[in-house]
Amino acid sequence: MDIKRVKDYIYWLYFQYLLITCSYVLEPWEQSMFHTITVTVFAMVVYTAYVFVPIHVRLAFEFFSQMFGGQPDSAV
């Protein structure tokens, strides 16, 4: 893939981000604060999903497997 096309695509995505969040109207120091807060919140959401979603999926699977006739672990 051409490097220039990838670079243009990344710039286009960044421009779309600025348009969607309306952060292009902010002053530079406000933009940096806004981007910092946005990246921090996004990182916390990704970390929380990485840590807690697998646990909840496993617990839900165990619950529904016992509910629909699966044997409990102690009986196996």
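Since the structure is predicted, the reported quantities are computational estimates derived from the model, not experimental observations. (Residues numbered from 1 in each chain as written. Predicted model: local features only at pLDDT ≥ 70, side-chain atom pairs only at ≥ 80, totals over all residues. Heavy atoms only, no water.)

1. Some words on the overall build of the protein chain
Convention followed: For helices the rule is a DSSP run of H or I covering at least 4 residues; for strands it is a run of E covering at least 2, with both sets numbered from the N terminus onward. Buried means the residue's accessible area, taken with a 1.4 Å probe over protein chains only, is under 20% of the maximum for its type, while exposed means over 50%, and partly exposed covers the values in between. Accessible areas in this description were obtained via Shrake-Rupley with a 1.4 Å probe; residue shielding takes into account the shown protein chains only.
If you tally the helices and strands in the protein chain, you get two helices and zero strands. Residues counted as buried form 5% of the 76 residues belonging to the protein chain. About 7,000 Å² of surface is accessible on the protein chain, with carbon and sulfur atoms providing 73% of the total.

2. Here's the deal with the UniProt feature "transmembrane region" (unreviewed entry) in the protein chain
Spelled out, the test is: UniProt positions are given in the numbering used here, feature names are shortened, and annotations may be inferred rather than shown by experiment.
Within the UniProt annotation, "transmembrane region" (unreviewed entry) is assigned to residues 9-26 and 32-53. Secondary structure content for residues 9-26 is 72% helix and 0% strand, and the end C-alpha separation is 23 Å. End C-alpha to end C-alpha, residues 32-53 measures 31 Å, and it is 100% helix and 0% strand.

3. A closer look at helix α2 (residues 28-67)
For an α-helix, the turn length of 3.6 residues means that residues three or four places apart are oriented alike. Our working rule: To estimate how far a helix should extend, the number of its residues minus one is multiplied by 1.5 Å. Two axes define the bend at a residue: one fitted to the seven residues ending there, one fitted to the seven starting there, and the bend is the angle between them.
Between its terminal C-alpha atoms α2 stretches 56 Å, which fits the 58 Å expected from 40 residues at 1.5 Å a residue. Along α2, the helix axis deviates most sharply at Phe52, where the bend reaches about 35°; the proline Pro54 sits within four residues downstream. At the exit of α2 stands Gly69, carrying a positive phi of roughly 100°.

4. Some points on a nonpolar patch on the surface
Inclusion rule: In this analysis, a patch consists of residues with relative accessible area above 30% that form no salt bridge, clustered at 9 Å for like charges and at 5 Å for the nonpolar side chains Val, Leu, Ile, Met, Phe, Trp and Tyr. Salt bridge, as used here, is a side-chain nitrogen of Lys or Arg placed within 4 Å of a carboxyl oxygen of Asp or Glu.
On the surface, a cluster of nonpolar side chains totalling about 460 Å² of accessible area is made up of Phe15, Leu19, Tyr24, Val25 and Leu26. With respect to the helices, strands and loops of the structure, Leu26 is situated in the loop between α1 (3-21) and α2.

5. Remarks on the packing of aromatic side chains
For the record, the criterion: Between rings of Phe, Tyr and Trp, where Trp is taken as its six-membered ring, a pair exists when centres lie within 6.5 Å; planes separated by under 30 degrees are stacked, by over 60 edge-to-face, and by other angles tilted.
Going through the model one piece at a time under the given rule, you end up with four aromatic pairs. Between Tyr14 and Tyr17 the ring centres are 6.2 Å apart and the planes differ by 35°, which places this aromatic pair in the tilted class. Pair noted here: Tyr14 and Tyr17 are both in helix α1, with a separation of three residues, about one helical turn. Tyr17 sits in the partly exposed class, given a relative accessible area of 25%. Among the aromatic side chains, those forming a connected cluster through ring pairs are Phe63, Phe64 and Phe68.

6. Let's talk about unusual backbone geometry
Located in the positive-phi region is Cys22, a residue other than glycine, with phi close to 60°. Relative to the assigned elements, Cys22 resides in the loop between α1 and α2.

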